Amino acid sequence: MRRGIAVSPGVAIGTAYVIHDIFVNPETKRLEDSEITAELASYETARDRASAELRTLEKKVESQVGRNEASIFAIHQQILRDPAFTNKIRAWICEDRMAADAALHRLLGEYTQLFAKTQDEYLKERLNDVRDVIIRLCGHLVSTNQADLSHLSGPLIVVTNDLLPSQAVALGNIEVAGIVTQVGSQTGHAAIIARSRGIPAVAGIKGVMRTVKTGDTIVVDGRDGHVEVNPPAETLSAFRKLEREFVDLKDKLAENRDHPAVTACGTSLHLHANINGVTDAKAATAMGATGVGLFRTEYLYLTHQDVPDEDEQFQAYCQIIENSPQNHVTIRTLDIGGDKALSYLGKDYHEANPFMGWRSIRISFSHPEFFNTQLRAILRAAAEFPNGNVRIMFPMVTTFEEIRKLRGFVRKAHKDLAARKIKTRDIPVGMMLEVPAAAITIESLLSQVDFVSVGSNDLIQYLMAADRDNPKVNYLCQPLSPAVLRILAQVIDACNRARKPITVCGEMAGQPKTFLLLLGMGLRRFSMSPAFVPSIKQIAGQVSINEAEQILKSAMNFRETAQVTRFMARQIEQLAPSLAMLDI
Ligand code: PEP
Ligand code: MG
């Protein structure tokens, strides 16, 4: 039994599918004579594809972002064409009978040793470029040698180092029952993807890829974060029972999809969904959400093979709006940086503290034309749905000056479209509240926005000065900590007094314990992973506003997070015992 971090609730049993990452576990077997030619051919195909991709990337980045940003891809093409690079790989495949990915891994090791000796920062940066080229090549090798899953039966449990957005897209066609990752946290990519699909997941199990093989039987317990590999028959049958209960509970809850979200005293709530793409938009509709409270557009960029231009974005946004409940979508502009990097936006710029650094609208401000393209695409898409409700939302707003500047960007995008004779209309413009500075000055910021959405995942990490993805300190990132509860109560109160709609769209909106407290604070709009909408609707129906206010009052008396957590666990146990399985 291995213990990690519970990141998406529920229990799943399935066959392990280990997705190797070249840096973690390259192929070690020696090739047979008969396999060498095919391996060389795979490598050449991967190289051709990587090269074509880099050429397109260079051209598109030059036109969409700028000449400087594109130059990095010219350097990557030079590396790919370097005869020393390719000759070594070919020789190792033919003479040492190595698989292509193992040869690439060996080459990276050689370069790393070589570069370790230099003090020259410029040369050190080039090592990152070599690494990038090797990753790109490996990506194509995997797609060339598409893993054959036909011998694996039943639902699969994906085991990987970290689930990247591009891998998640590739997994779209397989029945994934559970996810286990070596790294990651409650708010990392893998967690967000797993929760949005309602798949049980556990993150942060060190070394799991060394101990688990594809084909092993795995149990994922996303309630308390543990994983069992090839467990004995009795353990397996106990988990099968739990798995059935989890599936039954999900099915039963999904029956409430057409019921309105109201509290026991009849107060209506807005339960919206957080989505990353069209699949999630459909899930939001299927789960009974009444709108999309957060569409994370960065996934469009992260999964696009180069840079999405205005038309591509326009089409993608239209598709999202079309598939979302009531065509109601809050589109968040690009939130890149922190844990998510785009190769063409300053990847060569090293930061000691990426979460505190060049991230989100700060990057957008540095690339005005690129930012403008996104805004134009959003405004065009909104105009296609005059009966929908499309809104623009800006992430990581910190100061009054920023929000004024952002408004100026929206005005310019309207003007540019008008000059092209494209009709647009005014749509609501809102901010995410994720930085304590914005929480403190919320009253003045409210004059510049139509709505607010609290990104509690970030707000918590900035408030607690603890990186949400750093396992050594992220124990501090607790939504139930007294400091977090106080700041949220103040912000919700300020927005309610100013009659500005406020939503919480961080993970806490979809967790029963925190949902109850937010309800007690006066919050009526919640946005969460689609899979959580039914359980939150269920719990909302069990509690009156008055009761939620009383629960909040008691919770606010505790000084320690653990006391609040125990107290809230008891409340959930009393109100809706069956939902405890879905609470993490
Ligand atoms: C948040 O910070 O709470 C949020 C919803 O944004 P993200 O998790 O995408 O940073
Ligand atoms: Mg955020």
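These numbers were taken from a predicted model, which means no experiment stands behind them.

**Student:** What's the story with the overall build of the chain in this structure? I'm lost.
**Tutor:** Summing up its helical and strand segments, the chain has 23 helices and 16 strands in all. Rg of the C-alpha trace for the chain: 25 Å, near the compact-globule value of 25 Å for 584 residues, within the 12% margin. The principal-axis extents of the C-alpha atoms in the chain amount to approximately 75 × 70 × 45 Å. Here the chain holds 584 residues, and 55% of them are scored as buried. Taking the intrachain contacts of the chain between residues at least 6 apart in sequence as the baseline, contacts between residues at least 24 apart amount to 72%. Carbon together with sulfur atoms contributes 51% to the accessible area of the chain, which is approximately 25000 Å² in total.

**Student:** Could you clarify how one ought to interpret the site of ligand 1 in this entry?
**Tutor:** The full set close to ligand 1 counts 14 residues, and R296, R332, E434, G455 and N457 are the nearest of them. In the environment of ligand 1, an oxygen atom lies 3.0 Å from a nitrogen or oxygen atom belonging to the backbone of S456. One of the side-chain N or O atoms of R468 is found 3.4 Å from an oxygen atom in ligand 1. Expressed as a share of its isolated accessible area of 290 Å², the protein-covered part of ligand 1 is 100%. Every element with two or more residues in the shell around ligand 1 is listed here: β10 (292–296) and α18 (456–464).

**Student:** Sorry if this is basic, but what is going on with the packing of helix α20 (residues 512–520) against helix α22 (residues 545–555) here?
**Tutor:** When two helices pack together, you describe them by how their axes are tilted relative to each other and by the distance separating the axes. Two elements in contact, α20 and α22, have axes whose closest approach is 7 Å; the angle formed by their N-to-C orientations is 105°. Taken as axis vectors, α20 and α22 run roughly perpendicular relative to one another. Touching L516, L517, L519 and G520 of α20 are I545, A548, E549, I551, L552 and A555, all from α22. Its residues assigned to classes, the contact of α20 with α22 shows eight nonpolar, one polar and one charged.

**Student:** So what exactly am I meant to see when it comes to the coordination of the magnesium ion (ligand 2) here?
**Tutor:** Ideal donor angles around a metal are set by the shape: a four-donor tetrahedron calls for 109.5 degrees, a six-donor octahedron for 90 or 180 degrees. The protein atoms that coordinate the magnesium ion (ligand 2) are E434 (OE) and D458 (OD), at distances spanning 2.0 to 2.1 Å. Linking E434 in the loop between β13 (429–433) and α16 (436–440) with D458 in helix α18, this pair joins segments that are 24 residues apart in sequence. Of the two residues examined, E434 and D458, each falls in the buried class.

**Student:** Is there a simple way to think about helix α10 (residues 278–286) in this case?
**Tutor:** For an α-helix, 3.6 residues make a turn, and residues three or four places apart therefore share a direction. Those residues of α10 not exposed but buried are V278, D280, A281 and A284. Burial along α10 is one-sided: seen end-on, the buried residues are contained in an arc of 160°. Against the buried residues of α10 lie α7 (189–197), β9 (270–275) and α12 (310–323). Just beyond α10, the residue with positive phi is G288, at close to 90°.

**Student:** Mind showing me how you'd approach the pairing of β10 here?
**Tutor:** The side chains of a regular strand alternate between both faces of the sheet. Burial within β10 is extensive, with five of its five residues counted as buried. Of the strand pairs in this sheet, β9 and β10 are connected by three bridges, and their pairing is parallel. Its bridge partner lying in β10, N274 is registered against L294. A crossover connection joins β9 to the parallel β10 through α10; in handedness this β-α-β unit is right-handed.

**Student:** What should I look at first to understand the nonpolar core in this one?
**Tutor:** Buried together is how nonpolar side chains tend to be arranged in soluble globular proteins. By size, the foremost hydrophobic cluster in this structure holds 142 residues, and its most contacted members are F85, Y344, F394, L433 and F526. When residues are assigned to domains, this core turns out to be shared by domain 2 (33–144) and domain 3 (268–582), each giving three or more. Each residue touching L433, except ones within four places of it in the same chain, is listed here: A438, A439, I442, V452, S453, V454, G455, L459 and V491.

**Student:** Looking at this structure, how should I read the state of the cysteines?
**Tutor:** Any covalent bond linking the sulfur atoms of two cysteines counts as a disulfide. For the structure on display, the rule yields zero disulfides. The cysteine C138 is free of any disulfide, with C94 supplying the nearest cysteine sulfur at 18 Å. Of the residues examined, C138 reaches a relative accessible area of 10% and is grouped as buried.

**Student:** In this structure, what is going on with the sheet that holds β10? I would like to understand it.
**Tutor:** Consider a sheet: its strands pair through backbone hydrogen bonds, and that pairing is either parallel or antiparallel. In spatial order, the strands read β9-β10-β11-β12-β13-β14-β15-β16; together these eight strands close into a barrel with parallel pairing. Across the sheet, the mean angle from the axis of one strand to that of its neighbour is 25°, orientation sign disregarded. Strand contacts of helix α14 (residues 368–383): β11 (328–332) and β12 (389–394), with the helix running at about 160° to β12, the strand carrying the most contacts.

**Student:** I'm lost on the environment of A99 in this one. Help?
**Tutor:** Its place among the elements puts A99 in the loop between α3 (83–94) and α4 (100–116). The buried category is assigned to A99, whose relative accessible area is 7%. Once the C-alpha coordinates of A99 and N323 are considered, the two residues, 224 residues apart in sequence, prove to be 43 Å apart.

**Student:** I keep staring at the pattern of salt bridges and nothing clicks. Help me out?
**Tutor:** One side chain can pair with another of opposite charge once the charged atoms of both are near each other. Counted according to the given criterion, the structure contains 29 salt bridges. A salt bridge links E245 to K241; the shortest N-O distance between them is 3.5 Å. Placement of the pair is E245 and K241 together in helix α9 (residues 233–254), with a separation of four residues, close to one helical turn. For the salt bridge of R257 with D258, the shortest nitrogen-to-oxygen distance reads 3.2 Å.

**Student:** Mind showing me how you'd approach the packing of aromatic side chains here?
**Tutor:** What characterises a pair of aromatic rings is the spacing of the ring centres plus the angle enclosed by the ring planes. Tallying each qualifying case throughout the model produces nine aromatic pairs. Judged by centre distance (6.4 Å) and plane angle (80°), the rings of F365 and F371 are edge-to-face. The pair F365 / F371 is uniform in exposure class, with both members buried. Both rings, one in F558 and one in F567, keep their centres 5.4 Å apart while their planes meet at 50°; by these two values the pair is tilted. You can call F567 buried: its relative accessible area is 11%. Following the ring pairs from residue to residue traces out a cluster consisting of F365, F371, F394 and F409.

**Student:** Got a minute to help me understand the pairing of strand β5 (residues 176–181) in this structure?
**Tutor:** Counting buried residues along β5, six of its six residues qualify, which places the element largely inside the surrounding structure. By the bridge criterion, two bridges tie β5 to strand β6 (residues 201–203) in an arrangement that is parallel. Pairing of V180 across the sheet is with V202, part of β6. Crossover connection from β5 via α7 to parallel β6: handedness right-handed.

The rules behind these values
Residues numbered from 1 in each chain as written. Chains lettered and ligands numbered in written order. Predicted model: local features only at pLDDT ≥ 70, side-chain atom pairs only at ≥ 80, totals over all residues. Heavy atoms only, no water. Helix = DSSP H or I, 4+ residues; strand = E, 2+ residues; numbered from the N terminus. Rg over C-alpha atoms; globule rule 2.2 N^0.38 Å. Buried < 20%, exposed > 50% of the residue type's maximum accessible area, 1.4 Å probe, protein only. Contact = heavy atoms within 4.5 Å. Areas by Shrake-Rupley, 256 points an atom, 1.4 Å probe, with all protein chains shown as cover. Near = heavy atom within 4 Å. Polar contact = N/O pair within 3.5 Å; in protein donor to acceptor, adjacent residues only side chain to side chain. Axes fitted to C-alpha atoms, helices over the stretch in contact; angles between N-to-C directions. Parallel < 35°, antiparallel > 145°, perpendicular 65-115°, else oblique. Nonpolar A, V, L, I, M, F, W, Y, C, P; charged D, E, K, R; others polar. Donors = N, O, S within 2.8 Å, 3.2 Å for Na, K, Ca; no water. Arc of directions from axis to C-beta. Pairing = 2+ DSSP bridges. Right-handed = clockwise from strand over helix to strand, strands pointing away. Core = buried A, V, L, I, M, F, W, Y, C linked by side-chain atoms within 4.5 Å. Domains from an automatic or database assignment. Disulfide = S-S within 2.5 Å. Salt bridge = Lys/Arg side-chain N within 4 Å of Asp/Glu carboxyl O. Phe/Tyr/Trp six-rings, centres within 6.5 Å; stacked < 30°, edge-to-face > 60°.

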